[in-house]
Amino acid sequence: MSRPAAAGPDAAPSPGPLDGLRVLDLATLFAGPLAATLLGDFGAEVIKVEHPHRPDPARGHGPAKDGVGLWWKLLGRNKRTMTLDLSHPDGREVLLRLAAGADVVIENFRPGTLEKWGLGWAELSAVNPRLVLARVTGFGQFGPYARRAGFGTLAEAMSGFAAITGEPDGPPTLPPFGLADGIAALTASYAVMAALRGREATGRGQVIDLALIEPLLTVLGPHPLWYDQLGHVQPRTGNRSANVAPRNTYRTADGSWVAVSTSAESVAERVMRLVGRPEVIDEPWFATGAGRARHADELDAAVGDWIARHDRAEVLAAFELAEAAIAPVYDVRDVLADPQYAALGSITEVPDDELGPLRMQNVLFRLSETPGAIRWAGRPHGADTDEVLAALGLDEGEITGLREAGAL
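Report follows, based on the coordinates. (Residues numbered from 1 in each chain as written. Predicted model: local features only at pLDDT ≥ 70, side-chain atom pairs only at ≥ 80, totals over all residues. Heavy atoms only, no water.)

## A few points about the overall build of the chain
Part 1 of the argument: Counting secondary structure elements, the chain contains 17 helices and 13 strands.
Part 2 of the argument: Taken over 408 residues, the chain has a buried fraction of 45%.
Part 3 of the argument: Contacts in the chain between residues far apart in sequence, at least 24 positions, make up 69% of those at least 6 positions apart.
Part 4 of the argument: For the chain, the distance from the average position of its 38 positive side-chain charges to the average position of its 52 negative side-chain charges is 3 Å. (Helix = DSSP H or I, 4+ residues; strand = E, 2+ residues; numbered from the N terminus. Buried < 20%, exposed > 50% of the residue type's maximum accessible area, 1.4 Å probe, protein only. Contact = heavy atoms within 4.5 Å. Lys, Arg positive; Asp, Glu negative; His and termini not counted. Charge placed at Lys NZ, Arg CZ, Asp CG, Glu CD.)

## Focus on the nonpolar core
Part 1 of the argument: Membership of the largest hydrophobic core comes to 42 residues, with the highest contact counts inside it found for Val23, Leu39, Ala44, Val104, Ile106, Val192 and Ile208.
Part 2 of the argument: Secondary-structure elements contributing two or more residues to this core are helix 1 (31-41), strand 6 (104-107), strand 7 (132-137), helix 7 (179-202), strand 8 (207-211) and strand 13 (358-361).
Part 3 of the argument: By residue number, the principal contributor to this core is helix 7, which donates 10 residues.
Part 4 of the argument: With residues up to four places along the chain from it excluded, the contact list for Val23 reads Ala36, Leu39, Ala44, Glu45, Val46, Ile47, Val104 and Ile106.
Part 5 of the argument: Formed by 27 residues, the second largest nonpolar core is a distinct cluster that contains Ile47, Leu96, Val105 and Ile399. (Core = buried A, V, L, I, M, F, W, Y, C linked by side-chain atoms within 4.5 Å.)

## Description of the sheet that holds strand 5 (residues 79-83)
Part 1 of the argument: If you trace the six strands from one edge of the open sheet to the other, you get 5-2-1-6-7-8, paired in parallel fashion. Edge positions in the sheet fall to strand 5 and strand 8, since each has one partner strand and no second. The sheet shows a mean angle of 20° between the axes of neighbouring strands, direction not considered.
Part 2 of the argument: By the bridge criterion, five bridges tie strand 2 (residues 45-50) to strand 5 in an arrangement that is parallel. Its bridge partner lying in strand 5, Lys48 is registered against Thr81. (Pairing = 2+ DSSP bridges. Axes fitted to C-alpha atoms, helices over the stretch in contact; angles between N-to-C directions.)

## Quick look at the packing of helix 1 against helix 7
Part 1 of the argument: Contact pair helix 1 / helix 7: the axes reach a minimum separation of 8 Å and the direction vectors enclose 50°. Considering their axes alone, helix 1 and helix 7 lie oblique with respect to each other. Here the hand of the crossing between helix 1 and helix 7 comes out right-handed. Of helix 7, the residues touching helix 1 (which contributes Ala31, Leu34, Ala35, Leu38 and Leu39) are Asp181, Gly182, Ala184, Ala185, Leu186, Ala188, Ser189, Val192 and Met193.
Part 2 of the argument: Residues of the contact of helix 1 with helix 7, tallied by class, amount to 11 nonpolar, two polar and one charged. (Parallel < 35°, antiparallel > 145°, perpendicular 65-115°, else oblique. Left-handed = near helix turned anticlockwise from the far one by under 90°. Nonpolar A, V, L, I, M, F, W, Y, C, P; charged D, E, K, R; others polar.)

Shown next, in the form of structure tokens:
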């Protein structure tokens with residue numbers, strides 16, 4: 001199934017399933033903006049609103065080329081960019097006019113900030129009762145921590161993720177990327193679609209209150225249930241699992257690494273036959289994942305010793321022939337060279353006026369009838385301000401006046 005190529009900021013509207021949906025992205029950094037990106041990838045018209053003098057800090061995160069932040073090229077794709085000072089009275093009026101014609105507003109200011117500017121739910125819903133307002137914050141809109149500064153790192157700590165990540169004798173470990181933000185973004189885009197579906201039934205929009213600390217807590221699984229019913233607190237187990245074995249990373253003879261998973265008993269049996277230890281299959285404890293996990297030292301030693309005697313290519317071929325689950329441990333160079341990713345079109349090339357062709361992740365999934373598309377990469381700060389305002393009905397003199405007043 002092929003995916004359409006990127007077309008550029010002046011291209012015709014995407015045929016994606018969200019074509020006709022208008023989204024105002026007022027958020028900064030990652031969770032809120034990424035949710036807007038995901039909506040834009042499937043056809044929504046996304047207008048990125050940034051402060052005139054303090055653009056989204058994501059533009060400066062990570063490596064840059066020729067002074068242009070590369071992360072922004074991914075996060076800002078399929079968005080038109082405009083500047084607007086929401087705290088300025090004239091900026092407030094422009095935002096209300098934009099909201100009157102929008103379907104979704106995504107914001108991640110601390111609770112009370114929009115209200116302070118006269119842009120809270122009361123004002124937004126008054127100009128557009130069908131509007132969906134997605135509020136993405138560290139700790140939610142109420143409660144004792146609501147007004148605290150919140151970032152993904154704090155969610156990774158407070159959700160319980162860091163406590164179970166790392167080696168048993170090592171410290172809690174944080175991920176080296178925006179895990180909590182990414183999961184919150186996926187959740188926020190789902191929440192937006194749920195709210196829009198609700199609007200079809202009621203005719204009214206609503207507020208989405210999403211706290212960064214909650215989606216990752218859900219993804220971690222039944223930890224609260226285990227503690228509630230059994231008093232069980234999961235310890236750090238490194239690359240091992242408390243539920244199955246063998247499950248680990250193993251080094252091959254040529255110095256590469258592979259990951260093995262045996263979530264199903266049948267797969268565990270195939271692995272142990274492959275590595276020359278079929279006798280363990282008859283042990284009573286082998287019949288359950290928990291039983292195998294209690295004998296992880298023995299199983300890991302058997303699998304690790306066998307893998308250490310073979311080059312990576314030999315290991316992968318043998319596991320595939322045995323129908324056992326294995327994968328090479330990739331870095332980004334391997335991802336870009338992998339034939340499966342190539343077949344799926346997972347990485348695509350996007351033309352860009354500033355940097356030329358860019359390779360980046362494609363849209364998140366394939367739809368057979370209404371596929372998404374990357375129409376353009378992240379645009380310069382405020383690149384589309386005049387065009388957005390002109391479409392709103394402002395003439396050149398009014399736009400100039402707003403700029404001179406400091407609202408743009």
